[in-house]
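What follows is the residue order along each chain.
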Amino acid sequence: MQHTPPLAGGITGPDALRPLLALVLDALGEGAVARGGPVAAGGPDAVAARVRQAVGDVLPEHGDGAAHALRTLVRAVAHGAADPADPLCAAHLHTPPLALAVAADLAASALNPSMDSWDQAPAASELETRVTRVLAREVYPRGTAPDALVTTGGTESNQLALLLARERHGPVRTVCGDTAHHSVRRAAWLLGLPEPVTAPVHDPAALDATLATLAAHHGPPLLVVATAGTTDTGRIDPLSAIAGAADRHGAELHIDASYGGPLLFSADRRHLLAGLDRAHSVTLDLHKLGWQPVAAGLLAVPDAARLAPLGHTAEYLNAEDDTDAGLPDLLGRSLRTTRRPDILKIAVTLRALGRAGLGALVDRTCAAAHDLADLVEKNARLELYERPTLSTVLFRPADASDEETAEIRRTLLTEGRAVLGRARADGRIWLKATLLNPHTTPDALEALTRLVEGSTTR
């Protein structure tokens, strides 16, 4: 008779997990050693070949057993990973998660609550209520009844923001800058809204003129989308001035602070978000400058009543008589039904580090970006795009063409030496270093500049 695999939950679950976790941790370490750097060398073909060899028969008639499967596949994925914990892996807003947040995420996976009805997640639902309200109050300190929804990230949060605006005002016309996240336009398309208008949101006077023209020719409703931390450069739009322009023309304001939102935790940098609380909704993303495992997004609003359009009833999840009897209704907290208790890792991190601890991580990371900018400015062979606002630095070899700059990035990636992003600014291609590792050292930053500089002479 075939052995029934043990479960992760219940009284015996921890004992079943313990030896398996030891295997996983060993495999992660072995994979990291085999990788030997920020990313596996060889490019797509080499990585694919190693994965195919490790996977073998995906669905064999008889399995290999837990120990062999775990060690083989975890090791292969770790070997072929782009590891954001390596200081030379700095291409995207792809954070190295804190160990304590990952440990908390393990508990969430083992308990496996589903956040769509109270009887599936009694404690997790209460934890989510308390934590989201506290985080929403950080955004809206003077709000009537601030609240926040947990999302999968900036894309879902931005989509929800446009949906809520549509439900309040009808087919809103979105106005956003050319550096707005691509999810804003996709959300408008998905929701059947008019094509967004591209406007110079970063220039309040020009924005004011654009809104006046739109109001005169198309009439309200209008929804302005500003950004606190653009994907390419990390710039923060002038939020207070934008809020003023939106107010003058009766437009709603959504601020995508997926990247820059955690500046709220920093006493030294919080002022960069002045005006954030004037938005009708705000996107936050703690799997960026919050060091959480994916996913850890939020959509904050100044008054929980704004979330009412999401209300929905399904007899098996939130029957009216159950709600009347006092069972919390969770279904209106998301457009998703089944969803993980992502709030647990966030709650553990907030409790463990506090505002000061998180603020220190934010400050340290942003300071590293300024250190990298200093190194680039002092190097005559390199060119800096601008001083960083957050933790993103754009630079390039001073005499390289766009084609050569793009090739440098691909070469460093394929050789497994560094993972840098790319951005187009002022009509040119730049290498992008998105620094999110609070353990990055000056030596690592110098190594990064040497790699880029050296690539121009090979």
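See above for the structure.
Below or above, wherever it landed, is the structure these notes cover.

Reading the values: the criteria
- Residues numbered from 1 in each chain as written.
- Predicted model: local features only at pLDDT ≥ 70, side-chain atom pairs only at ≥ 80, totals over all residues.
- Heavy atoms only, no water.
- Helix = DSSP H or I, 4+ residues; strand = E, 2+ residues; numbered from the N terminus.
- Expected span 1.5 Å × (residues − 1).
- Bend = angle between axes of the 7 residues up to and from the residue.
- Buried < 20%, exposed > 50% of the residue type's maximum accessible area, 1.4 Å probe, protein only.
- Contact = heavy atoms within 4.5 Å.
- Pairing = 2+ DSSP bridges.
- Axes fitted to C-alpha atoms, helices over the stretch in contact; angles between N-to-C directions.
- Phe/Tyr/Trp six-rings, centres within 6.5 Å; stacked < 30°, edge-to-face > 60°.
- Lys NZ or Arg CZ within 6 Å of the ring centre and 35° of its normal.
- Arc of directions from axis to C-beta.
- Salt bridge = Lys/Arg side-chain N within 4 Å of Asp/Glu carboxyl O.
- Parallel < 35°, antiparallel > 145°, perpendicular 65-115°, else oblique.
- Left-handed = near helix turned anticlockwise from the far one by under 90°.
- Core = buried A, V, L, I, M, F, W, Y, C linked by side-chain atoms within 4.5 Å.

Spanning 23 residues, helix H1 (residues 13-35) covers 32 Å between terminal C-alpha atoms, matching the ideal 33 Å at 1.5 Å per step. Most pronounced at Pro-19, the bend in H1 amounts to some 25°. Within the sequence span of H1, burial applies to Gly-13, Ala-16, Leu-17, Leu-23, Ala-27, Gly-31 and Arg-35. Along its buried surface, H1 packs onto helix H3 (66-79) and helix H4 (99-111). A positive phi of about 70° marks Gly-36, the residue just after H1.

What follows deals with the sheet that holds strand S12 (residues 428-434). Reading across from one edge, S1-S11-S12-S10-S9 is the order of the five strands in this open sheet, with mixed pairing throughout. The two strands at the open ends of the sheet, each matched to only one other strand, are strand S1 (89-90) and strand S9 (382-384). Across the sheet, helix H13 (residues 402-414) lies against strand S10 (392-397), strand S11 (419-425) and S12, angled at about 160° from S11, the strand it touches most.

Right, let's get into the packing of aromatic side chains. Going through the model one piece at a time under the given rule, you end up with one aromatic pair. The ring centre of Trp-430 lies 5.6 Å from the NZ or CZ of Arg-396, which sits over that ring.

Glancing now at helix H7 (residues 182-190). Buried residues of H7: Ser-183, Val-184, Ala-187 and Ala-188, and no others. The buried residues of H7 occupy an angular sector of 140° when projected down its axis, which confines them to one face. Those residues of H7 that are exposed and angled more than 90 degrees off the buried face are Arg-186 and Trp-189. Contacts made by the buried residues of H7 are with helix H6 (154-169), strand S3 (173-176) and strand S5 (222-227).

With that out of the way, let us pick up unusual backbone geometry. With an omega dihedral of 10°, the bond running from Val-294 to Ala-295 counts as a cis peptide bond. Assignment of secondary structure puts Ala-295 in the loop between strand S7 (281-285) and strand S8 (297-301). A positive phi angle, near 55°, is found at Asn-112, a position not held by glycine. With respect to the element layout, Asn-112 can be found in the loop between H4 and helix H5 (122-139). If you check the backbone angles, Asp-426 has positive phi at about 55° while not being a glycine.

Turning our attention to the sheet that holds S3. Taken together, the seven strands give an open sheet; going across it, the order is S2-S8-S7-S6-S5-S3-S4, and neighbouring strands pair in mixed fashion. The sheet is open, and its two edges are formed by strand S2 (147-151) and strand S4 (197-198), each paired on a single side. As paired elements, S2 and S8 share five bridges and run antiparallel to each other. The residue of S8 that forms the bridge with Ala-148 is Ala-300.

On to the environment of Thr-338. Mapped onto the elements of the fold, Thr-338 is located in the loop between helix H11 (320-324) and helix H12 (343-378). Here the alpha-carbon distance between Thr-338 and Asp-116, two residues 222 residues apart in the chain, equals 5.9 Å. Residues contacting Thr-338, with those up to four places away along its chain left out, are Ser-114 and Asp-116.

This next bit is on the pattern of salt bridges. Across all of its chains, the model carries 34 salt bridges by this definition. Put simply, Asp-147 and Arg-333 hold a salt bridge, and the shortest N to O gap is 2.8 Å. Here Arg-333 lies in the loop between H11 and H12 and Asp-147 lies in strand S2, a separation of 186 residues in the sequence. Taken individually, Asp-147 and Arg-333 each receive the classification buried, so the pair is uniform in this respect. Note that Glu-446 is salt-bridged to Arg-450, the shortest N-O span being 3.8 Å. Taken together, the positions of Glu-446 and Arg-450, both in helix H14 (residues 442-455) and four residues apart, correspond to about one turn of that helix. Judged by relative accessible area, Glu-446 falls into the partly exposed class, the value being 33%.

Our focus in this paragraph is the packing of helix H8 (residues 204-217) against helix H9 (residues 239-248). Contact pair H8 / H9: the axes reach a minimum separation of 9 Å and the direction vectors enclose 20°. With respect to H9, the element H8 is oriented roughly parallel. Pair H8 / H9 crosses with right-handed handedness. Taking contact as the criterion, the partners of Pro-204, Leu-207, Asp-208 and Leu-211 in H8 are, on H9, Ala-241, Ile-242, Ala-245, Ala-246 and Arg-248.

In terms of nonpolar packing, the biggest core is built from 55 residues, with Leu-207, Val-224, Leu-253, Ile-255, Leu-276 and Val-282 touching the most fellow members. The biggest single contributor to this core is H12, with seven residues. If sequence neighbours within four positions are ignored, Ile-255 has contacts with Ala-226, Ala-228, Leu-239, Gly-275, Leu-276, Ala-279, Ser-281, Val-282 and Thr-283. Counting 22 residues, the second largest nonpolar core, distinct from the first, contains Ala-90, Val-376, Leu-451 and Val-452.

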